[in-house]
Structures are given as C-alpha cells and as structure tokens.
Amino acid sequence: MWTSIGLILFYLLTPVLLIYLCKISNTLNRIGAVVLAYAVGLVLGNIGILPTPSEPLIQLLEGTRNYLPTDEFQEYMNSAAFVESDATYNMITQVQEAVMNYTILIALPLLLFSLHLKKWLKNARSTLLSLVLAIFSLLTAIFVGYFLFAQNITESDKVTGMLIGVYTGGTPNLAAIGTALDVSPDIFILTHTYDLIIGSVALLFLMTVAQRLFHTFLPRYGVIRKAENVMRIEMEEENSHIENYDGLFKKKNLPDMGKAMIYAIIVFGIAGGLSLLVPKSEQVIVVILTITTLGLGASLIKPINKLKISFPLGMYFIIAFCLALSSMANLHEMFQIEFLELFLYVLWVVVGSMIIHVGLARIFKIDADTTIIAITALTYSPPFVPAVASAIKNKDVIIGGITIGILGFAFGSYLGIFIGKIL
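Computed from a predicted model, the values in this text were never measured in an experiment.

A. Spatial organisation of the overall build of the protein chain. Counting its secondary structure elements, the protein chain contains 22 helices and zero strands. Burial statistics for the protein chain: of 423 residues in total, 52% are counted as buried. Put simply, of all contacts in the protein chain between residues at least 6 apart along the chain, 83% involve residues at least 24 apart. Accessible surface, the protein chain: about 19,400 Å² in total, of which carbon and sulfur atoms supply 65%.

Structure below.
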C-alpha cells in the first residue's frame with residue numbers, strides 16, 4: 001500500500017518540480033517540461049529500481065496486457081509458478097496505468113475549457129483555407145506513408161491514428177488517441193521520440209530558412225484586415241496563459257483551480273457514465289470523444305470559459321501522464337521494434353505533408369507566412385506559434401496560427417481515433 005501511495009505522489013509532485021525548474025532555468029525551459037518528464041520516466045523505468053515480470057507472468061500477460069486483474073493474479077499466486085517479485089510488479093503497473101488513464105481524461109476537459117470557438121470561427125478566409133489545406137496535406141501524406149511502411153510496423157493502424165493526432169494537436173491529442181486505441185507504451189514512446197527528433201529539425205527549418213525558400217513559390221504576406229488586427233490584440237491577451245505555468249504557483253488562483261477541477265470531474269463523470277452503455281471494448285473511445293464534446297460545449301459557458309488557469313492546469317496533468325507512461329517503457333525491448341520503418345514513416349509524414357501543403361498553397365495563392373504558421377500550429381501546437389511568428393518577423397499571423405492550432409487540437413482526436421479504428 002505504501003509503495004502505491006509513494007508512487008502516486010511521485011507522479012503527481014514531480015511535474016510541479018519540473019515546471020518550477022523550467023521556470024528558473026532558461027536551458028531547461030527550452031527543453032520543456034514534457035520532454036523532461038519523458039527523460040525522468042525513462043530513467044526511473046530502466047535503472048533497475050522498478051521490478052520486472054518473471055517469465056511465467058510474461059507468458060500469462062501474452063504481450064497484450066501490462067498486468068493481471070486482481071482475480072487472475074490471485075489464481076497465479078496460488079500456482080507453483082508464482083514469483084514473489086511479481087506481486088510488487090503487478091501492483092506498481094496497476095498504479096502506473098491508473099495514473100496514465102485518469103490524468104489524460106482530466107487533462108482533456110481542462111485544456112478545452114478556456115477556448116473561444118466563436119471568435120476563432122470568425123477568422124479570415126486565408127487562415128481557414130490554410131487549415132483545410134494543412135489537414136488535407138497531412139492525411140495525404142499519412143495514407144501514402146501507411147501503404148509504404150505499414151506492413152513492417154507493429155500496431156501500424158494505431159501509429160497512424162497517433163500521427164494524425166500529434167500533427168493536429170500536439171502531445172495532448174497524441175496522448176488521448178494513444179489511450180483510446182490502447183497503444184503499447186513502447187510503441188507510443190518510440191513514435192513520440194521520433195516525432196521529437198524529426199520535429200526539432202523541422203522547427204529549426206521553419207524558424208530560419210523556410211520563409212526565404214517559400215517566397216520562391218508563394219506570395220508575400222499581404223495587408224491584414226482591420227478586424228483581424230483587433231482580434232489579434234484580444235487573442236494576445238486571452239492566450240497569454242498558454243505559454244507559462246506561473247498561475248499554478250499563485251494562491252489567488254486556488255479557487256479557480258478548484259472550480260476547474262470540479263467541472264473537469266463532472267465532465268469525466270458524465271463521460272464515464274455514458275461509456276457504461278456501450279460494449280467494454282468501445283468504452284475508452286466513448287469516454288474520450290464524450291469528454292472532447294462536453295469540453296468544447298463547456299467552453300461556450302462564460303463562467304467556465306473565464307477560468308484561464310484551466311489550460312496550464314491541464315498541461316500539468318499532461319506532464320504527469322508523460323511521466324507515468326515513459327516509466328513503463330522498456331528501452332531494451334523498445335529498440336528491438338522495427339524502428340527503421342517507423343522512423344521513415346514519421347519522417348515522411350513531417351516532410352511529405354509540408355511539401356504537399358506548400359504545393360497546394362501555391363495553387364490557392366496562400367502567402368508564405370500564413371503557410372509557415374499553419375504548418376507550425378498543426379505540427380507543434382499553439383504554444384509554438386508566437387515563437388515562429390517572431391522568427392519570421394510577422395506578429396500579425398499569431399491570431400491565424402492560434403486559430404488553426406486550437407481547431408486542430410479540438411477536432412484532431414475525432415479524426416485520429418476514427419482513422420485508427422477503420423484501418
């Protein structure tokens with residue numbers, strides 16, 4: 001029991017430490033709390049502190065489960081094959097999965113509460129067109145890559161769903177889809193690792209030479225409508241909370257944090273109740289899609305929408321999710337997977353979708369800056385939009401980027417889960 005409590009406290013308190021370290025260190029801040037959580041989790045899970053399952057238990061798990069349910073484990077304990085360390089392993093793994101599942105399901109509504117869908121839906125034609133072109137480019141690259149590489153990739157259908165998620169909404173969508181499709185921790189970590197490696201290079205490209213190169217094919221940024229300028233000022237004020245966690249450390253925000261948590265738990269409770277009406281195999285998907293729908297609906301209610309602290313609070317739970325998930329990954333086993341094909345699949349999706357998007361932008365006469373910011377918003381999520389906008393010396397595209405990123409985040413879960421299920 002005390003081991004379980006200690007492990008839960010570790011998963012819930014370590015994100016606070018990581019956020020604080022990123023706050024006081026520019027170097028760690030550039031790395032990011034999510035990446036640091038992955039690193040800490042991988043170290044914890046691979047230095048021998050946590051027990052590993054014995055061969056008899058591995059055979060019972062059959063490679064499809066991480067632990068045995070209580071009744072099955074009781075039967076195993078009464079058998080001659082039982083190994084004492086398996087009791088600790090089974091208990092710890094149950095805690096890890098519980099932390100993973102509950103943190104992501106609480107995080108999703110919290111991230112959605114503070115969004116302003118009505119304002120974002122009133123954005124300019126070029127921005128919305130860029131969103132459509134970006135998603136079309138992504139799906140084209142995804143399906144081409146699936147037929148090129150899927151036959152050599154474990155859980156390729158689930159990987160495809162996750163790639164759609166991560167390139168329409170970043171880590172939150174990746175985590176949500178990975179949970180809904182029941183992706184194995186090793187595949188999840190490896191996919192996200194390749195995304196981080198390839199994505200960092202692509203981001204550097206977007207912030208440095210992309211604008212100059214794209215100007216060869218695409219028109220330069222034109223005159224921004226007055227309405228968009230007004231909205232840009234509003235958005236800069238409203239979305240200032242997206243990029244930092246400062247509010248989590250202020251006592252004055254405790255009441256709002258409590259309200260946000262209560263609303264999130266209510267949404268989770270409703271989703272959980274509805275999931276009981278469907279077969280067990282479909283319950284997780286129903287929960288996540290219901291939470292997404294209710295979260296978007298709640299964002300239209302002013303008292304809930306005004307709780308700006310809900311977004312950083314949701315990201316705190318995302319960090320906890322990443323920490324628990326990565327601590328379950330076995331590095332030795334992880335790199336026994338067909339990693340070359342998976343790497344090429346992720347590489348093709350990033351590069352291929354970018355090439356297709358630029359080609360379509362030329363056909364539809366979308367300017368270079370809007371194209372760059374659309375790619376950034378979907379590939380990396382809204383927090384990266386201001387940084388890239390600053391790098392290309394065009395702050396006026398921030399509103400468009402936030403719009404694309406938020407809409408991608410809001411609807412990416414639906415798209416990723418749907419395609420992951422039909423493949």
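From this point, things continue past the structure.
B. Region of interest: the packing of helix α9 (residues 156-169) against helix α11 (residues 185-207). With their axes 11 Å apart at the nearest point, α9 and α11 run at an angle of 45° to one another. When the axis of α9 is compared with that of α11, the two are oblique. Considering how the two elements wind past one another, α9 and α11 form a crossing that is right-handed. Along its contact with α9, which presents V159, M162, L163, V166 and Y167, the element α11 presents I187, F188, T191 and D195. Counted by class, the contact of α9 with α11 contains seven nonpolar, one polar and one charged residues.

C. Up close: the confidence of the model for the protein chain. Looking at the protein chain as a whole, its pLDDT mean stands at 83, while 88% of the residues score no less than 70. Mean pLDDT values over the elements of the protein chain span from 46, in helix α13 (residues 226-238), up to 94, in helix α14 (residues 254-275). Across residues 223-233 the pLDDT falls below 50, and counting only partners more than four positions away or on other chains, this stretch makes twelve contacts in the model.

D. The arrangement of the packing of helix α6 (residues 85-113) against helix α10 (residues 171-180) in detail. α10 packs onto α6 with a crossing angle of 135° between their chain directions and a minimal axis gap of 10 Å. Judged by the inter-axis angle, α6 sits oblique to α10. At the point where α6 passes α10, the crossing takes the left-handed sense. Counted together, N101, I104, L108 and L111 of α6 and P172, A175, A176 and T179 of α10 form the full contact between these two elements. In terms of residue class, the contact of α6 with α10 is made up of six nonpolar, two polar and no charged.

E. Just the nonpolar core, in detail. The biggest cluster of nonpolar side chains holds 124 residues, and the ones touching the most others in it are L163, F188, F214 and Y345. A per-element tally of this core places α6 first, with 13 residues. Here Y345 is in contact with I142, G145, Y146, F149, I153, V159, T160 and L163, once residues within four sequence places are set aside. L61, F73, Y76 and F82 belong to the second largest nonpolar core, which has seven residues in total.

F. Molecular detail of the packing of aromatic side chains. Within the structure shown, the criterion is met by twelve aromatic pairs. Look at Y194 and F343: their rings are 5.3 Å apart centre to centre, the planes differ by 85°, and that puts the pair in the edge-to-face class. In this pair, Y194 is assigned in helix α11 and F343 in helix α19 (residues 339-363), connecting sequence segments 149 residues apart. We classify Y194 as buried; its relative accessible area is 6%. Exposure remark for F343: the relative accessible area of 27% places this residue in the partly exposed category. Feature note: the residues F73, Y76 and F82 constitute an aromatic cluster, connected by ring pairs.

G. The arrangement of the side chain of D86 in detail. Note that D86 resides in helix α6. Polar contacts involving the side chain of D86 include one to the side chain of Y76, which spans 2.5 Å. Those residues within four positions of D86 in sequence are excluded, and the remaining contacts are T52, P53, S54, L57, F73 and Y76.

Rules and cut-offs
- Note on numbering: residues in each chain are counted from 1, in written sequence order.
- For a predicted model such as this one, the threshold for reporting local features is a pLDDT of at least 70, and the threshold for listing and counting side-chain atom pairs is 80 or more; totals across whole chains, interfaces and linings nevertheless cover every residue.
- Values reported for side chains reflect all heavy atoms of the structure, with hydrogen atoms and water molecules removed beforehand.
- Secondary structure elements are taken from DSSP: a helix is a run of H or I of four residues or more, a strand is a run of E of two residues or more, and numbering for both begins at the N terminus.
- Note on exposure labels: buried denotes an accessible area under 20% of the residue type's maximum, exposed denotes more than 50%, and partly exposed covers the range between, all computed with a 1.4 Å probe on protein chains only.
- A contact between two residues is defined here by any heavy atoms of the two lying within 4.5 Å.
- To measure how exposed things are, a 1.4 Å probe is used in the Shrake-Rupley method; for residues, cover is taken only from the protein chains shown.
- Angular values range over 0 to 180 degrees, each being the angle between N-to-C directions of two axes fitted as lines to C-alpha atoms, with helices fitted over their stretch in contact.
- Angular relationships are summarised with four words: roughly parallel below 35 degrees, roughly antiparallel beyond 145, roughly perpendicular across 65 to 115, and oblique for the angles in between.
- Here a crossing is called left-handed whenever its near helix is offset anticlockwise from the far helix by less than a right angle, and right-handed whenever the offset is clockwise.
- For this scheme, ten residues count as nonpolar: Ala, Val, Leu, Ile, Met, Phe, Trp, Tyr, Cys and Pro. Four count as charged, namely Asp, Glu, Lys and Arg, and the remainder, Gly too, count as polar.
- You can read pLDDT as the predictor saying how much it trusts each residue, on a scale of 0 to 100.
- To qualify as a nonpolar core, a set must consist of buried Ala, Val, Leu, Ile, Met, Phe, Trp, Tyr and Cys residues joined through side-chain atoms within 4.5 Å.
- Aromatic rings from Phe, Tyr and Trp, with only the six-membered ring used for Trp, were paired whenever their centres fell within 6.5 Å, and each pair was classed as stacked if the ring planes differed by under 30 degrees, edge-to-face if by over 60, and tilted otherwise.
- Throughout this description, a polar contact denotes any pair of N or O atoms lying within 3.5 Å of each other; where both atoms belong to protein, one of them has to be capable of donating a hydrogen while the other can accept it, and for residues adjacent in sequence the pair is counted only when both atoms sit in side chains.

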